[in-house]
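# What the coordinates show
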Amino acid sequence: MQIDTASSKNRTFRWSLILLLSAVSIVSVFRLADAFFTARALERAAGPLSLYRETVVAELERFSHLTFVLARDPFVVATAQGADTGPLNQRLAEFAVRSGLEAIYLMNEAGLTIASSNADRPESFLGQNYSFRPYFQTAIKGDQGEFYGIGSTTGLPGYFFADPVKTQDNAALGVVAIKLGLTELEETWRAAGETVFLANKDGVILLSSRPDWRYLTLGALTNAQKETIERTRQFASQALDALQWKPKTRNRSEFGGDTFLHLTTADLPNGWELHYLANTDQVTARTALATGSFIFLASLLVIMTQQRRTARIGAALKRSVAEEAQLRQANERLAVEIEERKAAERRLKRTQDELERAGRLSALGQLAASVTHELGQPIVAMRNHLVAAEIANDARSSLTVRLSGLVDRMESITRQLKFFARNDDTSIDEVDLRNVVQASIDLVAPNILETQTDLAYEMPPKAIAVKGSQFRLEQVITNLLRNALDAMSQSETRNLQISLQVNHDLAVCKVADSGRGLEGLALEKLQEPFFTTRGSGEGMGLGLAISARIVEEHGGDMTAEASELGGAEFCVSIPIIEVRAKDHDE
Ligand code: ADP
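Described below are features of the structure shown in this document. (Residues numbered from 1 in each chain as written. Predicted model: local features only at pLDDT ≥ 70, side-chain atom pairs only at ≥ 80, totals over all residues. Heavy atoms only, no water.)

### Examining the overall build of the protein chain
Short version of the rule: Helix and strand assignments come from DSSP, with helices taken as H or I runs of at least 4 residues and strands as E runs of at least 2, each series counted from the N terminus. Atoms considered for the radius of gyration are the C-alpha atoms alone. The globule rule reads 2.2 Å times the number of residues to the power 0.38. Working definition: with a 1.4 Å probe on protein chains only, accessible area under 20% of the residue-type maximum means buried, over 50% means exposed, and in between means partly exposed. Any two residues whose heavy atoms approach within 4.5 Å at even a single point are treated as in contact. Per-residue and other accessible areas follow the Shrake-Rupley method at a 1.4 Å probe size, with only the shown protein chains counted as cover for residues. Here Asp and Glu are counted as negative and Lys and Arg as positive; His is not counted, and neither are the chain ends. Here the site of a charge means NZ on Lys, CZ on Arg, CG on Asp, or CD on Glu.
Helix and strand counts for the protein chain come out as 13 helices and 18 strands. A compact globule built from 586 residues would reach a C-alpha radius of gyration of about 25 Å, whereas the protein chain, at 74 Å, exceeds it by more than 25%. Buried positions account for 38% of the 586 residues belonging to the protein chain. Within the protein chain, counting contacts between residues at least 6 apart in sequence, those at least 24 apart form 61% of the total. Accessible area for the protein chain stands at about 34,000 Å²; split by element, carbon and sulfur atoms hold 55% of it. Here the protein chain holds 63 positive side-chain charges and 74 negative ones, and the gap between their average locations is 6 Å.

### Comments concerning the site of the ligand
Selection criterion: We define proximity as follows: a residue is near a molecule or strand when any one of its heavy atoms falls within 4 Å of that partner. By the criterion applied in these results, polar contacts are pairs of N or O atoms within 3.5 Å in which, for protein atoms, one can donate a hydrogen and the other can accept it, and in which residues neighboring in sequence qualify only through two side-chain atoms. Residues are grouped as follows: nonpolar covers Ala, Val, Leu, Ile, Met, Phe, Trp, Tyr, Cys and Pro; charged covers Asp, Glu, Lys and Arg; every other residue, Gly included, is treated as polar.
Of all residues adjacent to the ligand, which total 20 residues, the nearest are Asn483, Asp513, Thr532, Thr533 and Arg534. One of the side-chain N or O atoms of Asn483 is found 2.8 Å from an oxygen atom in the ligand. Contacts to the ligand include Thr533, whose side-chain N or O atom sits 2.3 Å from an oxygen atom. Here the ligand, which alone exposes 530 Å², has 96% of that area covered by the protein. Those elements that provide at least two residues to the shell around the ligand are α11 (470–487), α13 (543–553) and β18 (568–575). Tallying contributions element by element places α11 first for the shell around the ligand, with four residues. Grouping the amino acids of the shell around the ligand by side-chain chemistry returns nine nonpolar, eight polar and three charged.

### Quick notes on unusual backbone geometry
Phi is positive for Leu240, which is not a glycine, with a value near 55°. Assignment of secondary structure puts Leu240 in the loop between α7 (223–232) and β8 (245–247). Look at Leu240 and you get buried, because its relative accessible area is 16%.

### Regarding the environment of Lys226
Turning to its location among the elements, Lys226 is positioned in helix α7. Take Lys226: its relative accessible area is 45%, and that puts it in the partly exposed class. Lys226 sits 115 residues away from Gly111 along the chain, and the two C-alpha atoms are 23 Å apart.

### Observations concerning the nonpolar core
Which entries qualify depends on this criterion: The set of buried Ala, Val, Leu, Ile, Met, Phe, Trp, Tyr and Cys residues whose side-chain atoms join them within 4.5 Å is what this entry labels a nonpolar core.
The biggest cluster of nonpolar side chains holds 53 residues, and the ones touching the most others in it are Val165, Leu182, Trp189 and Trp272. Judged by nonpolar contacts, the second largest core, of 42 residues, contains Leu433, Cys509, Val511 and Ile550.

### Describing the pairing of strand β15 (residues 495–503)
For the record, the criterion: Here, strands pair whenever DSSP counts at least two bridges between them.
Pairing between strand β13 (residues 454–458) and β15: five bridges, direction parallel. Across the sheet, Ala456 pairs through a bridge with Gln497, a residue of β15. When β15 meets strand β16 (residues 506–513), the two strands line up antiparallel, connected through eight bridges. Opposite Leu500, over in β16, you have Cys509 as the bridge partner. The antiparallel hairpin formed by β15 and β16 contains two residues in its connecting segment, where His504 sits at a positive phi of about 55°.

### Regarding the environment of Tyr148
When you line up the elements, Tyr148 lands in strand β3 (residues 145–150). Residue class for Tyr148 comes out buried when judged on its relative accessible area of 3%. In sequence terms Tyr148 and Leu182 are 34 residues apart; their C-alpha atoms lie 9.7 Å from each other. Look past the residues within four positions of Tyr148 in its chain and what remains in contact with it is Pro157, Gly158, Tyr159, Leu182, Leu206, Leu207, Tyr215, Gln234 and Trp272. A polar side-chain atom of Tyr148 sits 3.5 Å from the main-chain carbonyl oxygen of Leu206.

### Looking at empty space enclosed by the protein
Any space left empty among the atoms is revealed by the rolling of a water-sized probe across them. Here is the rule: Note on definitions: the grid is 1 Å and covers protein atoms alone; a cavity is a set of points where a 1.4 Å probe fits but cannot get out; a pocket is an open set with protein on both sides within 12 Å along at least five of seven lines; lining residues have an atom within 4 Å of a point. Grid points are joined across faces, edges and corners, and a volume is the space filled by probe spheres set on the points.
Enumeration over the complete set of coordinates arrives at three cavities of 30 Å³ or more. Of the pockets and cavities examined, the second largest cavity occupies roughly 50 Å³. What lines the second largest cavity is simply Leu433, Val436, Leu473, Val476, Ile477, Cys509, Val551, Val572 and Ile574. Elements with a minimum of two residues in the lining of the second largest cavity: α10 (433–450), α11 and β18. Here the lining of the second largest cavity takes three residues from α11, the largest share from any one element. Here the residues of the lining of the second largest cavity sort into nine nonpolar, no polar and no charged.

### Points about the pairing of strand β9 (residues 252–255)
Bridging between β8 and β9 involves three bridges; their strand directions are antiparallel. Bridging from a neighbouring strand, Trp245 pairs with Phe255 of β9. Once β8 ends, the chain turns through four residues before running back antiparallel as β9, passing Arg250 with a positive phi of about 50°. For β9 and strand β10 (residues 258–265), the ladder comprises four bridges, and the chain directions are antiparallel. Its bridge partner lying in β10, Ser253 is registered against Phe260. Linking β9 back to β10 in an antiparallel pair, the connection comprises two residues, with Gly256 at a positive phi of about 55°.

### Observations regarding the packing of aromatic side chains
Operational definition: Two rings from Phe, Tyr or Trp (for Trp, the six-membered ring) form a pair when their centres are within 6.5 Å of each other. A pair whose planes differ by under 30 degrees is stacked, one over 60 is edge-to-face, and the rest are tilted. Definition used: whenever NZ (Lys) or CZ (Arg) falls within 6 Å of the ring centre and also within 35 degrees of the ring normal, the charge is taken to sit over that ring.
On inspection of all chains with the given rule, the structure shows 19 aromatic pairs. Residues Tyr135 and Phe147 carry aromatic rings whose centres are separated by 6.3 Å and whose planes lie at 40° to one another, so their mutual orientation is tilted. Here Tyr135, found in helix α5 (residues 134–140), pairs with Phe147, found in strand β3; they are twelve residues apart in sequence, far enough to count as distant. Ring geometry for Phe255 against Phe260: centres 6.2 Å apart, planes inclined by 65°, an arrangement best described as edge-to-face. The burial state of Phe255 is the same as that of Phe260; both residues are buried. Members of the aromatic cluster, connected to one another through ring pairs, are Phe197, Trp213, Trp245, Phe255 and Phe260. For the cation-ring pair, Arg72 lies above Phe68, with the distance from its terminal atom to the ring centre recorded as 3.7 Å. One residue, Arg233, lies across the ring of Phe132, its end atom 4.0 Å from the ring centre.

Printed below as a string of structure tokens:
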């Protein structure tokens, strides 16, 4: 749970970082692209701006010397000195037409126009006094006067040059002036589809490709400026309202809600300033395209990286799944091997136990053989002596009776021992189990009679042949019968049942009794050497141990369980070699 929270926090942090980096990258790329394309656009705009500046300067310079020349013209001087104005009017009109000037005119020293190129036209300057114009005031003082203003007679704007007309002794006779219409410049700009305007040093727009901007101001005028304009009637009755614009960052300005790249050049006469406004659409489009391309490529890169990462994780997952499967298989193999090893260990232990028991039984068999052999002679001798004593005394004394009883008991013990003594005659032969069972019954028949036991047994009609030792097998069955009789010694009814059958490839011999039963003891316990429930001198606890050993030697198996008769049932199974087709009676 904690790990989950930590990893989700990590993921959130990573994604926040990625988003932040992406935003920073996009903004950086946008700014870089904008700066780049703006610089390119400014470079491009610098060309036309410089060209327009040149044309303005050239237009002014073209006529700047004309008044100087006219002021020295003999006709002009003569007219200023009082000659007839008619010929000069004619001459000036020709000049004006030829040079494309709006007007050329001569004023006397009081500023009154005495000759003019437009003398015969309605807008004639003749009789007009321009002494209030700065160009007149400068020229009458002896210098060249220049001025831009709206014509007080015509109402048309123009640029004025003026030079003093002097006598030979340098006395001012009047002023000769020309009026130059600059509106053609505006036409040129408009025709080129450009947004250009020219402002004077007060910030009043003199010329503009947008006519509605003309005579608007770039900033608020001071009172002194207003007063001068008023006095010189520079802009006639124009209101000189403020132009709606504001400068912005990155060489941009906003004019009437539209944003333009804004370039200016101030190196013009009279402190004029030329403004060039370039459209920003191209810059915006290119910047957007570059930023969009960057976002597209970056996204592509991120997607490809992500895909590669996913593929890598998938492959690693597959690898780990395969490794896990291998590990599981290895584990399963290991578990099987462990199980096999445990089974082998169990087998080994069983074999060791069996070997040990076999060894012990074999030693016991030898001991029993030697004891019965050694004790046989003395017991026979004792019996003979007792018989001799009885004959000599001609009667059985109580002593000889007691001694005779003891000898009987000793004989019984040696008989039992002899039963278990290892028989070296272990000749292996084909044995008919029916004979084995019959011989065993015969052997215990006296005891059956003595104890009044009911015996029931069934024999198959055909021989049941096994491979082994008749004598040893008789030992087994006899022992089972003796044990059964012994278990029934305290019983009121004594039933003994013997059966011999063939079950598949096994010969099965069962001995059942109605005795006290196994009392919860397992066969493993009963067949331990020297385990007995009988009293001292009655049993040695070797019968089942040796019987089990003999059955094993014959490749068979012995089991014990509760009998339907109420006591125990012992079952011996031995592999058969063949069932001979012989008669029961044979
Ligand atoms: P022993 O007969 O000398 O006691 P065995 O090895 O033949 O030695 O038998 C061991 C013990 O098994 C007996 O003491 C007895 O307690 C038990 N036993 C064997 N056969 C039977 C049986 N048919 N019914 C009840 N107990 C039996």
